[in-house]
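# Descriptive structure summary
Listed below, chain by chain, are the residues.
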Amino acid sequence: MCDLHRPSLSRRLSRRGLLTAVAVGTLAGASAPPFRAEAASDGARSKAITPEEALARLLDGNGRYAANAPANRDFSAGRAARAAAQHPIACIVGCADARVAPDFIFDQGPGDLFVVRVAGNFVNTDGLASLEYGVSVLGAPLILVLGHSECGAVKATIDVMRTKAVLPGHLPVLVEAIRPAVDLAAKARAQDPLAEAIAQNVRHTVGRLEQSGPIIAEAVAAQRVKVVGGFYDIATGKVALL
């Protein structure tokens, strides 16, 4: 390369220094402890919230939702603060069912819930990584796995296992994820196989998350994070803990 096109020594050093600074800053940010704080209506959070307090807030909010007396109506409040950061009080593992919207079900405002949704509310690798982010980076003290009445994904799994049907596309992956819960429900010989399979699916996912190392399992062992299961009745709007 001729001297005309060769970067000067000072420019090369400057560029190298910039890259080094970016790398150091990235590592420093990655090693910074997660921020855990209490949610407020304006998006500001200043005090740590415990798993028990977070769960109480969710259940109180569900009570308001079921009674058609929501407290969250002004979604523009705190928008500027939320643009700078998010500090959710809980992670929700929910079903992709269009009738199951956790923010409404628990009457929480924008920024309060970190939601992972997939048909059948199970956890795969991608979902687990998202929850690890919610716990370790965002500092959420609670993970709630939310099943719901008449879950189509669980019902489809029961039908496929009974008829041995072959599903197209990637649907077999969904069936395989929910199959353990259906097997557990069959062993229980419950009067309502679908309701029992939905409950077993939630419990199975809760158990998996509690043992998912290193991030979530360690947080659970240290009592910084709690993993619980719930059942949402679409007809009544109420959530019951499992």
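Summarised in this report is the structure supplied together with it. Quick caveat, the model's predicted, so the values are computed rather than measured. (Residues numbered from 1 in each chain as written. Predicted model: local features only at pLDDT ≥ 70, side-chain atom pairs only at ≥ 80, totals over all residues. Heavy atoms only, no water.)

## Here we look at the nonpolar core
Judged by nonpolar contacts, the single largest core of 19 residues is most densely connected at Val93, Leu131, Ile143, Leu209 and Ile216. Looking at this core, the elements with two or more residues in it are β1 (90-94), β2 (113-117), α5 (125-136), β3 (142-148), α8 (193-210) and α9 (215-221). Ignoring sequence-local partners within four residues, the contact set of valine 93 consists of Val116, Asn121, Phe122, Val123, Leu131, Ile143, Leu144, Val145, Leu146 and Leu209. Of all hydrophobic cores here, the second largest spans 17 residues; its members include Leu58, Leu113, Leu146 and Val239. (Core = buried A, V, L, I, M, F, W, Y, C linked by side-chain atoms within 4.5 Å. Buried < 20%, exposed > 50% of the residue type's maximum accessible area, 1.4 Å probe, protein only. Helix = DSSP H or I, 4+ residues; strand = E, 2+ residues; numbered from the N terminus. Contact = heavy atoms within 4.5 Å.)

## Focus: the packing of helix α6 (residues 152-163) against helix α7 (residues 171-188)
Where α6 contacts α7, the two axes come as close as 9 Å, and the packing angle between them is 80°. If you check the angle between α6 and α7, you find them roughly perpendicular. Contacts between α6 and α7 involve Ala153, Val154, Thr157, Ile158, Val160 and Met161 on the former and, on the latter, Leu174, Val175, Ile178, Arg179, Val182 and Asp183. For the contact of α6 with α7, the class distribution of residues is nine nonpolar, one polar and two charged. (Axes fitted to C-alpha atoms, helices over the stretch in contact; angles between N-to-C directions. Parallel < 35°, antiparallel > 145°, perpendicular 65-115°, else oblique. Nonpolar A, V, L, I, M, F, W, Y, C, P; charged D, E, K, R; others polar.)

## Overview of the pattern of salt bridges
This structure, assessed with the given rule, holds four salt bridges. A salt bridge links aspartate 159 to arginine 162; the shortest N-O distance between them is 3.2 Å. With aspartate 159 and arginine 162 both in helix α6 and three residues apart, this pair spans about one turn of that helix. Two residues, arginine 179 and glutamate 176, come together in a salt bridge whose shortest N-O distance is 2.9 Å. Highlighted residues: arginine 179 and glutamate 176, both in helix α7, separated by three residues, approximately one helical turn. (Salt bridge = Lys/Arg side-chain N within 4 Å of Asp/Glu carboxyl O.)

## Looking at the sheet that holds strand β5 (residues 239-241)
Reading across the sheet, the five strands line up as β2-β1-β3-β4-β5 and stay open at both edges, with mixed pairing between neighbours. Both edges of this open sheet fall to β2 and β5, since each of them pairs with a single strand only. Across this sheet, the average inter-strand angle for adjacent strands is 30°, counted without regard to direction. Of the pairings in the sheet, the one linking β1 to β3 comprises three bridges and is parallel in character. Within the sheet, the bridge partner assigned to valine 93 lies in β3 and is valine 145. Together, β1, β2, β3, β4 (226-232) and β5 form the strand contacts of helix α2 (residues 51-66), whose direction differs from that of β3 by roughly 35°. (Pairing = 2+ DSSP bridges.)

## Topic: α8
The periodicity of an α-helix, 3.6 residues per turn, causes residues three or four places apart in sequence to face the same way. Taking 1.5 Å per residue, 18 residues should reach 26 Å; α8 reaches 25 Å between its end C-alpha atoms and fits that length. Here α8 has its buried residues at Leu194, Glu196, Ala197, Ile198, Ala199, Gln200, Asn201, Val202, Thr205, Val206 and Leu209. (Expected span 1.5 Å × (residues − 1).)

## Looking at the pairing of β3
Of all the seven residues making up β3, seven are buried; the element is thus mostly covered by neighbouring parts of the structure. Burial along β3 is two-sided: the face carrying Leu142, Leu144, Leu146 and His148 and the face carrying Ile143, Val145 and Gly147 are both buried. Sheet analysis places β3 next to β4, joined by seven bridges and oriented parallel. When the bridges of β4 are listed, leucine 144 appears paired with valine 228.

This is a description of form; function is not addressed.
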